[in-house]
Amino acid sequence: MSMKTVLTLMAVVGLVLAAYSLRLHEHVLSADEAQARHACRHLCKLGIMDATGATDSAVAGLANAVAASACSAMDDETRLLLDCRDRLLGLGMSVSTYRCVVRAETAQAARACGEEIR
């Protein structure tokens, strides 16, 4: 193997390691089912998913507060969770969008993470 080949291979490996260090691969990889479920539970806590269906503003506020505390304990087979999961996976949520949603503190910040969060 010549020195030119070795240096070329070292440069390629360096570029790959730099891309992983900058988390560029997260923009390409799709989130898996467990990540989509976790994102849906977090969206439920933020109030983006209407878990109650209440229309009166006072009742809706109380119902959403109660529902937000129950979001993390939501069963994996709940229709609301399954619909959210299917929508996020169907739209191709990336790992970087998942991380953004999970780190979001407000509903507005979560909506800014990606087009699939509505």
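Residues numbered from 1 in each chain as written. Predicted model: local features only at pLDDT ≥ 70, side-chain atom pairs only at ≥ 80, totals over all residues. Heavy atoms only, no water.

Focus: the overall build of the protein
When you go through the protein residue by residue, the secondary structure sums to six helices and zero strands. Its helices and strands in sequence order give the protein the pattern α-α-α-α-α-α, from N to C terminus. Counting the 118 residues in the protein, one finds 30% classified as buried. Pairs at least 24 apart in sequence give 72% of the contacts found in the protein among residues at least 6 apart. Just so you have it, the protein exposes about 7,500 Å², and 60% of that area is on carbon and sulfur atoms. (Helix = DSSP H or I, 4+ residues; strand = E, 2+ residues; numbered from the N terminus. Buried < 20%, exposed > 50% of the residue type's maximum accessible area, 1.4 Å probe, protein only. Contact = heavy atoms within 4.5 Å. Areas by Shrake-Rupley, 256 points an atom, 1.4 Å probe, with all protein chains shown as cover.)

Focus on the confidence of the model for the protein
Counting all residues, the mean pLDDT for the protein is 82, and 82% of those residues have values of 70 or more. Looking at the elements of the protein, mean pLDDT is at its lowest for helix H3 (residues 57–70), recorded as 57, and at its highest for helix H1 (residues 3–21), recorded as 95. Below pLDDT 50 for its whole length, residues 51–57 participates in nine contacts with residues either more than four positions away or in separate chains. (pLDDT = per-residue confidence, 0-100.)

Overview of the side chain of Arg 37
Relative to the assigned elements, Arg 37 resides in helix H2 (residues 33–46). One polar contact links Arg 37 to Glu 33, side chain to side chain, over a distance of 2.7 Å. (Polar contact = N/O pair within 3.5 Å; in protein donor to acceptor, adjacent residues only side chain to side chain.)

Observations concerning the pattern of salt bridges
Pairing between side chains of opposite charge can happen when the charged atoms of each approach one another. Scanning the model with the defined rule gives eight salt bridges in all. Residues Glu 26 and Arg 99 are paired through a salt bridge, measuring 2.8 Å at the closest nitrogen-oxygen approach. Taken together, the residues span a long stretch of sequence, with Glu 26 in the loop between H1 and H2 and Arg 99 in helix H5 (residues 95–103) at a distance of 73 residues. By relative accessible area, which is 8% here, Glu 26 ends up buried. The partner of Asp 83 in a salt bridge is Arg 79, and the shortest N-O contact between them spans 2.8 Å. Note that Asp 83 and Arg 79 are positioned in helix H4 (residues 79–90) at a spacing of four residues, about one turn of the helix. When its relative accessible area of 53% is taken as the criterion, Arg 79 is described as exposed. The structure contains a network of salt bridges with shared partners spanning Glu 33, Arg 37, Arg 41, Asp 76, Arg 85 and Asp 86. (Salt bridge = Lys/Arg side-chain N within 4 Å of Asp/Glu carboxyl O.)

Re the environment of His 38
Looking at the element boundaries, His 38 is found in helix H2. Among residues more than four places away in sequence, those in contact with His 38 are Tyr 98 and Val 102.

Considerations on the side chain of His 42
You can see His 42 is positioned in helix H2. Non-local contacts of His 42, meaning those with residues more than four positions away in its chain, are made with Val 101, Val 102 and Ala 104.

Things to note about the state of the cysteines
Applying the stated rule across the entire model yields three disulfides. Numbered by position along the chain, the disulfide-linked cysteines of the protein connect as 1-4, 2-3, 5-6. (Disulfide = S-S within 2.5 Å.)

Comments concerning the nonpolar core
Judged by nonpolar contacts, the single largest core of 20 residues is most densely connected at Ala 39, Leu 43, Ile 48, Leu 88, Met 93, Val 101 and Ile 117. Among the elements of the structure, H2, H4, H5 and helix H6 (107–111) are those that each provide at least two residues to this core. Residue contributions to this core peak at five residues, all from H2. Setting aside residues no more than four positions away along its own chain, Leu 88 makes contact with Ala 36, Ala 39, Cys 40, Leu 43, Met 93, Glu 116 and Ile 117. (Core = buried A, V, L, I, M, F, W, Y, C linked by side-chain atoms within 4.5 Å.)

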